[in-house]
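# Observations on chain architecture
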Amino acid sequence: MQQRKDKDEHQDSELAKLAPLAREIPNIDKAIAEIVRFSAELTLPGGTIHVISDIHGEDKKLRHVINNASGTLRPLVERLLKDRMPPEQFQEILTLVFYPAEVIGRLEQTLVSQQERKDYATRTLHDLFHIVRVLAARRSLKHSMRVFPAEYRELLAEILHEPSTERDRSYVDAIVDELTRRGRVLHLIHLTGRVIRNLAIDELIIGGDAWDRGPRGDRVMDYIMQQPNVSFVWGNHDMEWLGACLGHRALICQVLRISLRYRRLSQLEEGYGIPVQPLEVLVRKVYADDPAEHFEAKGTGMREKRMIARMQKAAAIMQFKLEGQMLARHPEWGLEHRRLLHRINHEAGTIEVDGVSYPLLDTHFPTIDPANPYELTNEEKLCLERIRGSFMASQKLWDQIRWMVSHGEMYLRRQEHLIFHGCVPVDNNGDFLPMMVNGKSYSGRALFDAIESYVYRLLDSPQNGEPDLLWYLWSGPESPLFGKDRITTLERDLIKDPKTHVETKNPYFRLIHEVWFCDKVLSEFGVPVEQGLIVNGHVPVEVEKGESPLKKSAKAITIDGAFSEAYGDHGFTLVMEAHRTFLAKHHHFESVEAAINKGADIIPSITVVREWSKPKRVADSQRGRYLVQAIKLLEELIDMYRNNRLQQRF
């Protein structure tokens, strides 16, 4: 009897599992057609994956790197078109492929008559679709059409099949005639240029740190969110902005301080609608005569230089206070030695760090009460609560943060590549170090999984979470997103002695030069050891000093190439193609205007990291694993139809 009951429950469970699929696949023939299509797709070349890390707010450079597909589009367009047209026409096509919106915007002003627009479109569309056909041939038709704009999807699919014995150029010419008459032909060219870029990159992976020292983190996120297939690996600065969005006071002060230090207030005020006026009011009231010479900002801007320095100092002092309060709440973190404000000797003008006294560069602290140094003054409380309210009310910031979390993970596996932002925290022997998450200790892969679950739950129910952990993820010693023993912001601001500025890296960064250690990490995360490659960002590769991103083990690579101008203005993309993995090293990008008007481009230098004796197929990819499971479900659905457990619909 029990056996029969178990069998019935199993059948009911299978029925419930397959019923939603049956609504999309109504009969056996439809299921078989899908199985055949999926089986054929498994044989296609593996998709091209681009991994970019540590963008740090450099929106214009990111946009160009995506637009030129990390330098891979130029050689393709050259191979297909360069010998077929004059150099100036080729450059025109190349610029159109990289910047379709801007080029079309300019052409709308210069091509006034219908005939001029028709002639341009007739000449250009054939060339653009030659590129589209080559790129689309790497994918199934259905997969390619996903990146076609919905309104013109069927029309573009028709043009895709235009060259045939039955169709000549008159087919596309007729389309151009009608669209010209209706004033939409340049719009179609714009959309086609965008399709080329979207076909060139099958998946874009952001390796963390979208925000920070660069000018417009908001625009970085805007552009990333426009791409058709994006995965996001979180970095420590992403956790910093998540915490600020949720109203964590210490992290709000950190975001304010960095934005002031690098004069990046436009991303706050213009991008997110977060005014910093309350901080200006505080400064005029409390720091009015403060020279704040050791808080001078980098770069230039509209606000007066001394005012920005004072605002940065005010934000920093509030940050140090709030961090001190927080560390007192969390003795389990073992960071009491990082509470430094009560170690200031105001009479002597010194501060004690790790048992040693150092003279202070700045001794003017009008808001620090020596008897209660971590308490905010009433003026500071009022200022912070007004700014905090603006952070929590910013709809654009919330939209971007929700997108980042919903598309994000702590690590990704793509073929033989293990991708994460920072490190796997270990001791000197290479043993995984534990970290507390919601009262439990985790290490290795389990730690990454626990942090991931914590972030998802926190954003789902922020009022029930513990956002202090976001601060630890940003800068805690055992955080896999940080990987240093401390962050020395206070020391760099207030102490001249460089010994106090040292931030010691976790042994992970030394051990990834060892094959045995890389194999241990790869195995821990379920990645094949023999050809496995660890990919992380977070620590800029010092290109000027001859440092190589590929470690001595040849099993780990760092792709933080100092993308941001503040870090060095280089940058890397790791590109995974069907037959190889290579590193594209980028240089300085002049401007969008120079790219459009002068053809300025970032032509990266290429270093091959892995070459495959047999090209990878879709069957070897994450999508391939998905298709295999989908085929199994469709087979089960067919059995259900054949046994009449589900009724077919025709």
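Each remark here, short or long, concerns the structure printed above.
Quick caveat: nothing in here was measured; it's all calculated off a predicted structure.

What counts, and where the lines are drawn
- Residues numbered from 1 in each chain as written.
- Predicted model: local features only at pLDDT ≥ 70, side-chain atom pairs only at ≥ 80, totals over all residues.
- Heavy atoms only, no water.
- Helix = DSSP H or I, 4+ residues; strand = E, 2+ residues; numbered from the N terminus.
- Rg over C-alpha atoms; globule rule 2.2 N^0.38 Å.
- Buried < 20%, exposed > 50% of the residue type's maximum accessible area, 1.4 Å probe, protein only.
- Contact = heavy atoms within 4.5 Å.
- Pairing = 2+ DSSP bridges.
- Axes fitted to C-alpha atoms, helices over the stretch in contact; angles between N-to-C directions.
- Parallel < 35°, antiparallel > 145°, perpendicular 65-115°, else oblique.
- Left-handed = near helix turned anticlockwise from the far one by under 90°.
- Nonpolar A, V, L, I, M, F, W, Y, C, P; charged D, E, K, R; others polar.
- Core = buried A, V, L, I, M, F, W, Y, C linked by side-chain atoms within 4.5 Å.
- Expected span 1.5 Å × (residues − 1).
- Disulfide = S-S within 2.5 Å.
- Salt bridge = Lys/Arg side-chain N within 4 Å of Asp/Glu carboxyl O.
- Right-handed = clockwise from strand over helix to strand, strands pointing away.

## So, the overall build of the protein chain
- Scanning the protein chain from terminus to terminus reveals 26 helices and 16 strands.
- Relative to its length of 650 residues, the protein chain is compact, with a C-alpha radius of gyration of 28 Å against a globular reference of 26 Å.
- In terms of overall dimensions, the protein chain has a C-alpha envelope of 90 × 85 × 45 Å along the principal axes.
- Taken across its 650 residues, the protein chain has 56% of its residues classed as buried.
- In the protein chain, the share of contacts with a sequence separation of at least 24, taken over all contacts with a separation of at least 6, comes to 72%.

## Overview of the sheet that holds strand β13 (residues 556-558)
- One open sheet holds the four strands; their spatial order is β8-β9-β12-β13, and the pairing between them is mixed. The sheet is open, and its two borders are formed by β8 (411-414) and β13, each paired with just one other strand. The mean angle between the axes of side-by-side strands here comes to 20 degrees, regardless of whether they run parallel or antiparallel.
- The pairing of strand β12 (residues 533-536) with β13 spans three bridges and is parallel. Opposite N536, over in β13, you have T558 as the bridge partner.
- Helix α20 (residues 444-460) contacts β8 and β9 (417-420) of the sheet and is inclined by roughly 115 degrees relative to β8.

## Digging into the packing of helix α5 (residues 87-98) against helix α7 (residues 114-136)
- The interhelical angle for the contact between α5 and α7, taken along N-to-C directions, is 65 degrees, at an axis separation of 11 Å. On the basis of their axis angle, the class for α5 and α7 is roughly perpendicular. The element α5 and its partner α7 pack so that their crossing is right-handed. Across the interface between the two elements, Q89, E92, I93, L96 and V97 from α5 touch Y120, R123, T124, D127, L128 and I131 from α7.
- Of the residues belonging to the contact of α5 with α7, the class tally is six nonpolar, two polar and three charged.

## So, the nonpolar core
- Core analysis: the biggest nonpolar cluster contains 167 residues, and L279, I401, M404, W471 and Y508 have the highest contact counts within it.
- It is helix α17 (residues 305-329) that provides the largest number of residues to this core, a total of 13 residues.
- Aside from chain neighbours lying at most four places away, what touches L279 is L260, M311, A314, A315, M318, C383 and I387.
- Core analysis: the next-biggest nonpolar cluster, separate from the first, contains 19 residues, A22, I25, L44 and L637 among them.

## Concerning helix α11 (residues 185-200)
- The end-to-end C-alpha distance of α11, which contains 16 residues, comes to 23 Å, matching closely the 22 Å that a straight helix rising 1.5 Å per residue would cover.
- For α11, the tally of buried residues reaches 14 of 16 residues, placing the bulk of the element in the interior.

## Thoughts on the state of the cysteines
- As enumerated under the stated definition, the model contains zero disulfides in all.
- Note on C383: no disulfide assigned, nearest cysteine sulfur contributed by C253 at a separation of 7.8 Å.
- Looking at C383, the relative accessible area reads 3%, which means it is buried.
- Between C423, a cysteine without a disulfide, and C518, which holds the nearest cysteine sulfur, the sulfur-to-sulfur distance is 13 Å.

## Considering the environment of L204
- Among the structural elements, L204 can be located in strand β2 (residues 203-206).
- Its relative accessible area of 3% is what places L204 among the buried residues.
- In sequence terms L204 and I387 are 183 residues apart; their C-alpha atoms lie 34 Å from each other.
- Ignoring sequence-local partners within four residues, the contact set of L204 consists of H50, I52, I66, Q227, N229, V230 and S231.

## Notes on the pattern of salt bridges
- For the structure on display, the rule yields 45 salt bridges.
- Between E78 and R74 there is a salt bridge, with its nearest N and O atoms 3.7 Å apart. Here R74 and E78 lie together in helix α4 (residues 73-81), a separation of four residues that amounts to about one turn.
- A relative accessible area of 27% means that E78 is categorised as partly exposed.
- For R74, a relative accessible area of 14% puts it in the buried group.
- When the shortest N-O distance is used, the salt bridge between E280 and R303 registers 3.1 Å. Residue E280 is located in helix α16 (residues 277-286), and its partner R303 is located in the loop between α16 and α17; the two are separated by 23 residues in the primary sequence.
- You can call E280 buried: its relative accessible area is 11%.
- Of the residues examined, R303 reaches a relative accessible area of 23% and is grouped as partly exposed.
- Ionic contacts of the salt-bridge type, sharing partners, join the residues R216, D218, R219, D222, E270 and K396 into one network.

## Looking at the pairing of strand β3 (residues 230-233)
- Here β3 shows two buried faces, one formed by V230 and F232 and the other by S231 and V233.
- In the sheet, β2 pairs with β3 via three bridges, with the strands oriented parallel. In the strand pairing of β3, L204 is matched with V230.
- For the crossover that starts at β2, traverses helix α12 (residues 217-226) and ends in the parallel β3, the hand is right-handed.
- Here β3 pairs with strand β7 (residues 408-409) via two bridges, running parallel.

Purely geometric stuff here, so don't read any function into it on its own.
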